[in-house]
Amino acid sequence: MYDFHKSVVYQCYFKSFYDSNGDGVGDLRGVTAKLDYLQKLGVDYIWLNPFFPSPQRDNGYDVADYCAVDPRFGTMADFEELSREAEKRGIRLMLDMVFNHTSTEHEWFQKALAGDPDYEDYYIWREGGPDGTPPNNWESKFGGNAWQYVPEKGNWYLHLFDPTQADLNWENPRVRKELQNVIRFWMGKGVKGFRFDVVNLISKGSYESDDQGDGRRFYTDGPRVHEFLHELNEATFGTDAEIITVGEMSSTSMENCYKYAGADTGELSMVFSFHHLKVDFVGNEKWVLVPFDFQKLKNILFSWQTGMSDHNAWNAVFWCNHDQPRVVSRFGDEGEYWKPSAKMLGTVIHCLRGTPYVYQGEEIGMTNPGFTSLDQYRDVESINHFHILRDRGLHEDSAYDILRVHSRDNSRTPMQWDASEGGGFSEAEPWISMNPNHKTINAASQVDDPDSIFAHYRKLIALRKQYDVIANGDFAPLDMAHPSVLAYTRRTDREDLVVINNFYRKEADWTCPVDLDGFTCLLSNYADSRAETKLHLRPYESLVLYRAN
Ligand code: GLC
């Protein structure tokens, strides 16, 4: 059985990682070229975003063929080389399986369009209203109605995302068999990890209009989702104890996650949930500007820690991915306290109970790029919502302010390797602009600096392997009500850990409720932090205190 409690996964949005062939777009050989860097960081797995043939309407999450490599990103031989070279360095690959929908350019959808009845039933078709209205009022996650009319068929198909991403009909057993074959294909290539994209949306309940919202309550954690995951597990990855899996769970509930990621439920190894990242939304609405709610952040993060633990289920823990803005810009400080705040945020995540995920560039403290014009944006969701905000009457400047904070493109700018003109990402014009601050924030200036953010992440990753209490200890919150300190304990019979973080630039006095006799300071972001009961915490100060019993 692979011990994923001790592992750390590095997410490689390879399109923006490293361009090996000078076309401005990152590629698989680019990942291979940087494996030594990842080995130095110490990660166990690389999650690769989808590299399959795709029209790239949603950056590869619109898959046209699940068992091939898009020529823009390389060849199957490049993939195999990457896999071999990674293995030599003790790193495994995790592939991204986008099974809720396919691109409308996928052969299955094309056959459905051509009227092949076998393939029509691969997708979800419904009749609209007599007056040309869609089948119901569900909204696409990318804006607009979730149904697309096809005049030749006189019928509508469901797309919870872009109109070019048609939802698959999991009720059809043939669809489920096809998807099992995809997993087997990649298992045959030695792949030991799978991430399942928005996998809690695959089982649709009833197709009613939603008089209370956008329709998500009818298809989120739907009626057959556990059965479908169980079946997929048994038929494919469940036969290999070395394989780890993670499900991306959109607007999920904790009760469902106990099953998705239970140690004995036969579904997945772990789950991504997003409630802790909606603390700068208003309800489910992200296209607004409000300060983040710290108390809510703690409550959510900590209740998932205790809830999942009480039910013997496992979290993936993270701040960042290709859909989230940069965490230093979001919860930390881009200015004077850039370094201590980035380190503090890393510490919060890496000492939790769960498998930590590092998103490329997080380990060097990359920030949001601050784009100022629409032509700098590439993301379909951001561009759609810019227009939606403008249509609602919002001033252009305010719409830009919102995009600068919430756009998914904030995390998709090229990896900042060095201070050179192209930031060491590419010789050519990159497909999306590089953040100009690569002159100061870059990997080259950090890899050998013992005080860098990179060095801090490296230590965090190593500590999880060294100390069982970090990988497997029980979790308990400390001083929940404190307005600026986020603190918790981890505990096994043999070890104790106390993790204390000042989440703000304002100094804070804090008295530790745990008796710190015998504790030492294992890690901090200030040179002289000490294990003391009465602490005067400096801006973003973060301490990891340890005692062996
Ligand atoms: C997931 C992906 C996101 C994509 C969406 C639709 O949320 O992370 O990038 O747009 O699913 O596939």
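Just so it is clear, the structure is predicted and the values come from calculations on it, not from any experiment.

Rules of the game
Residues numbered from 1 in each chain as written. Predicted model: local features only at pLDDT ≥ 70, side-chain atom pairs only at ≥ 80, totals over all residues. Heavy atoms only, no water. Helix = DSSP H or I, 4+ residues; strand = E, 2+ residues; numbered from the N terminus. Rg over C-alpha atoms; globule rule 2.2 N^0.38 Å. Buried < 20%, exposed > 50% of the residue type's maximum accessible area, 1.4 Å probe, protein only. Contact = heavy atoms within 4.5 Å. Core = buried A, V, L, I, M, F, W, Y, C linked by side-chain atoms within 4.5 Å. Near = heavy atom within 4 Å. Polar contact = N/O pair within 3.5 Å; in protein donor to acceptor, adjacent residues only side chain to side chain. Areas by Shrake-Rupley, 256 points an atom, 1.4 Å probe, with all protein chains shown as cover. Nonpolar A, V, L, I, M, F, W, Y, C, P; charged D, E, K, R; others polar. Domains from an automatic or database assignment. Phe/Tyr/Trp six-rings, centres within 6.5 Å; stacked < 30°, edge-to-face > 60°. Lys NZ or Arg CZ within 6 Å of the ring centre and 35° of its normal. Pairing = 2+ DSSP bridges. Expected span 1.5 Å × (residues − 1). Salt bridge = Lys/Arg side-chain N within 4 Å of Asp/Glu carboxyl O. Axes fitted to C-alpha atoms, helices over the stretch in contact; angles between N-to-C directions.

## Some thoughts on the overall build of the protein
Turning to step 1, where the next piece is worked out: Counting its regular elements, the protein contains 16 helices and 20 strands.
Turning to step 2, where the next piece is worked out: Scaling as 2.2 N^0.38, a compact globule of 549 residues should have a C-alpha radius of gyration of about 24 Å, and the protein matches this with 23 Å.
Turning to step 3, where the next piece is worked out: Projected onto its principal axes, the C-alpha coordinates of the protein cover approximately 75 × 50 × 50 Å.
Turning to step 4, where the next piece is worked out: When the 549 residues of the protein are sorted by exposure, 61% land in the buried category.
Turning to step 5, where the next piece is worked out: In the protein, the proportion of contacts linking residues at least 24 apart, taken out of those at least 6 apart, comes to 70%.

## Considerations on the nonpolar core
Turning to step 1, where the next piece is worked out: Leu48, Phe51, Trp319 and Phe503 are the most contacted members of the largest nonpolar core, which totals 149 residues.
Turning to step 2, where the next piece is worked out: Setting aside anything within four residues of it in sequence, one finds Phe503 in contact with Phe292, Phe294, Leu297, Trp319, Phe331, Met344, Leu345, Val348, Ser484, Leu486 and Tyr540.
Turning to step 3, where the next piece is worked out: Core analysis: the next-biggest nonpolar cluster, separate from the first, contains 15 residues, Leu478, Val485, Cys512 and Leu545 among them.

## Some details on the site of the ligand
Turning to step 1, where the next piece is worked out: Lining the immediate environment of the ligand, one finds 14 residues, of which Asp58, Asp197, Glu248, His322 and Asp323 sit closest.
Turning to step 2, where the next piece is worked out: Between the ligand and Arg195 there is a distance of 3.1 Å, counted from an oxygen atom to a side-chain nitrogen or oxygen.
Turning to step 3, where the next piece is worked out: In this structure, an oxygen atom belonging to the ligand sits 2.9 Å away from a side-chain N or O atom of Glu248.
Turning to step 4, where the next piece is worked out: In isolation the ligand has 310 Å² of accessible area, and contact with the protein removes 96% of it.
Turning to step 5, where the next piece is worked out: Its residues assigned to classes, the shell around the ligand shows four nonpolar, three polar and seven charged.
Turning to step 6, where the next piece is worked out: Built from parts of two domains, the shell around the ligand gets at least three residues from each of domain 1 (9–101 + 177–370 + 435–454) and domain 2 (107–166).

## With respect to the packing of aromatic side chains
Turning to step 1, where the next piece is worked out: In this structure the tally under the stated criterion is 53 aromatic pairs.
Turning to step 2, where the next piece is worked out: Pairing Phe79 with Trp186 gives two aromatic rings, centres 5.2 Å apart and planes at 75°, and the pair type is edge-to-face. Of the two residues, Phe79 sits in helix 3 (residues 76–88) while Trp186 sits in helix 6 (residues 173–188), which places them 107 residues apart along the sequence.
Turning to step 3, where the next piece is worked out: Taken together, a centroid distance of 4.8 Å and an interplanar angle of 65° make the contact between Phe292 and Phe331 edge-to-face. You can see Phe292 sitting in the loop between strand 11 (270–272) and helix 10 (294–310) and its partner Phe331 sitting in helix 11 (residues 327–331), a full 39 residues away along the chain.
Turning to step 4, where the next piece is worked out: For Phe331, a relative accessible area of 2% corresponds to the buried category.
Turning to step 5, where the next piece is worked out: Each member of the aromatic cluster is reached from another via a ring pair, and the members are Tyr66, Phe99, Trp108, Tyr119, Tyr122, Phe194, Phe196 and Phe237.
Turning to step 6, where the next piece is worked out: The ring of Trp125 carries Lys153 above its face, with NZ or CZ at 5.5 Å from the centroid.

## Topic: the side chain of Asp167
Turning to step 1, where the next piece is worked out: Within the fold, Asp167 resides in strand 8 (residues 165–167).
Turning to step 2, where the next piece is worked out: With relative accessibility at 0%, the residue Asp167 sits in the buried group.
Turning to step 3, where the next piece is worked out: Polar contacts involving the side chain of Asp167 include one to the side chain of Asn100, which spans 3.1 Å.
Turning to step 4, where the next piece is worked out: In terms of polar contacts, Asp167 uses its side chain to reach the backbone amide nitrogen of Leu160, at 2.8 Å.
Turning to step 5, where the next piece is worked out: Excluding residues that lie within four positions of it along the chain, Asp167 makes contacts with Asn100, His101, Tyr122, Tyr123, Ile124, Leu158, His159, Leu160 and Lys204.

## Focus: the sheet that holds strand 5 (residues 125–126)
Turning to step 1, where the next piece is worked out: In spatial order, the strands read 5-7-6; together these three strands make up an open sheet with antiparallel pairing. Only two strands of the sheet have a single neighbouring strand rather than two, namely strand 5 and strand 6 (147–150).
Turning to step 2, where the next piece is worked out: Examined bridge by bridge, strand 5 and strand 7 (residues 155–158) share two bridges and lie antiparallel to one another. The residue of strand 7 that forms the bridge with Arg126 is Trp156.

## Brief notes about helix 13 (residues 380–391)
Turning to step 1, where the next piece is worked out: Helix length check: helix 13 (twelve residues) gives 17 Å between terminal C-alpha atoms against 16 Å at 1.5 Å per residue, within 8%.
Turning to step 2, where the next piece is worked out: Within the span of helix 13, buried status applies to Val380, Glu381, Ser382, His385, Phe386 and Leu389.
Turning to step 3, where the next piece is worked out: In this structure, the buried residues of helix 13 make contact with helix 14 (396–406).
Turning to step 4, where the next piece is worked out: The residue sitting at the N-terminus of helix 13 and contributing the capping side-chain oxygen is Asp379; that oxygen lies 3.1 Å from the backbone nitrogen of Glu381.
Turning to step 5, where the next piece is worked out: With its phi angle positive at about 100°, Gly393 sits one or two positions after the end of helix 13.

## Regarding the domain arrangement of the protein
For interface size, the figure often reported is the accessible area lost on association.
Turning to step 1, where the next piece is worked out: Domain assignment breaks the protein into domain 1 (9–101 + 177–370 + 435–454), domain 2 (107–166) and domain 3 (473–548).
Turning to step 2, where the next piece is worked out: A separation of 53 Å is found between the C-alpha centroids of domain 2 and domain 3.

## Some thoughts on the pattern of salt bridges
Turning to step 1, where the next piece is worked out: Within the structure shown, the criterion is met by 42 salt bridges.
Turning to step 2, where the next piece is worked out: Of the charged contacts, one joins Lys339 and Asp451 as a salt bridge, the two residues approaching to 3.0 Å between their closest N and O atoms. Residue Lys339 is located in helix 12 (residues 338–350), and its partner Asp451 is located in the loop between helix 14 and helix 15 (453–466); the two are separated by 112 residues in the primary sequence.
Turning to step 3, where the next piece is worked out: Judged by its relative accessible area of 25%, Lys339 is partly exposed.
Turning to step 4, where the next piece is worked out: Accessibility expressed as a relative area gives 43% for Asp451, which makes it partly exposed.
Turning to step 5, where the next piece is worked out: Of the charged contacts in the structure, one is a salt bridge between Arg408 and Asp379, with a shortest N-O distance of 2.8 Å. In this pair, Arg408 is assigned in the loop between helix 14 and helix 15 and Asp379 in the loop between strand 13 (355–359) and helix 13, connecting sequence segments 29 residues apart. This pair shows no difference in class: Arg408 is buried, exactly as Asp379 is.
Turning to step 6, where the next piece is worked out: Through salt bridges with shared partners, one network takes in Asp58, Lys286, Asp323, Asp379, Glu381, Arg408 and Arg412.

## Remarks on the sheet that holds strand 15 (residues 485–491)
Turning to step 1, where the next piece is worked out: Strand order in the open sheet made by the five strands is 14-15-16-20-18, with antiparallel pairing throughout. Unpaired on one side and paired on the other, strand 14 (474–478) and strand 18 (520–524) mark the two borders of the sheet. On average, each strand axis in the sheet is inclined to that of its neighbour by 20°, with strand direction left out of account.
Turning to step 2, where the next piece is worked out: With seven bridges joining them, strand 15 and strand 16 (residues 495–502) adopt antiparallel strand pairing. The residue of strand 16 that forms the bridge with Ala487 is Ile500.

## Let's talk about the side chain of Asp70
Turning to step 1, where the next piece is worked out: Structurally, the position occupied by Asp70 is in the loop between strand 2 (45–48) and helix 3.
Turning to step 2, where the next piece is worked out: On the basis of relative accessible area, Asp70 is assigned to the buried category, the value being 3%.
Turning to step 3, where the next piece is worked out: Within polar-contact distance, the side chain of Asp70 engages the backbone nitrogen of Ser54 at 3.2 Å.
Turning to step 4, where the next piece is worked out: Setting aside residues no more than four positions away along its own chain, Asp70 makes contact with Phe51, Phe52, Pro53, Ser54 and Gln56.

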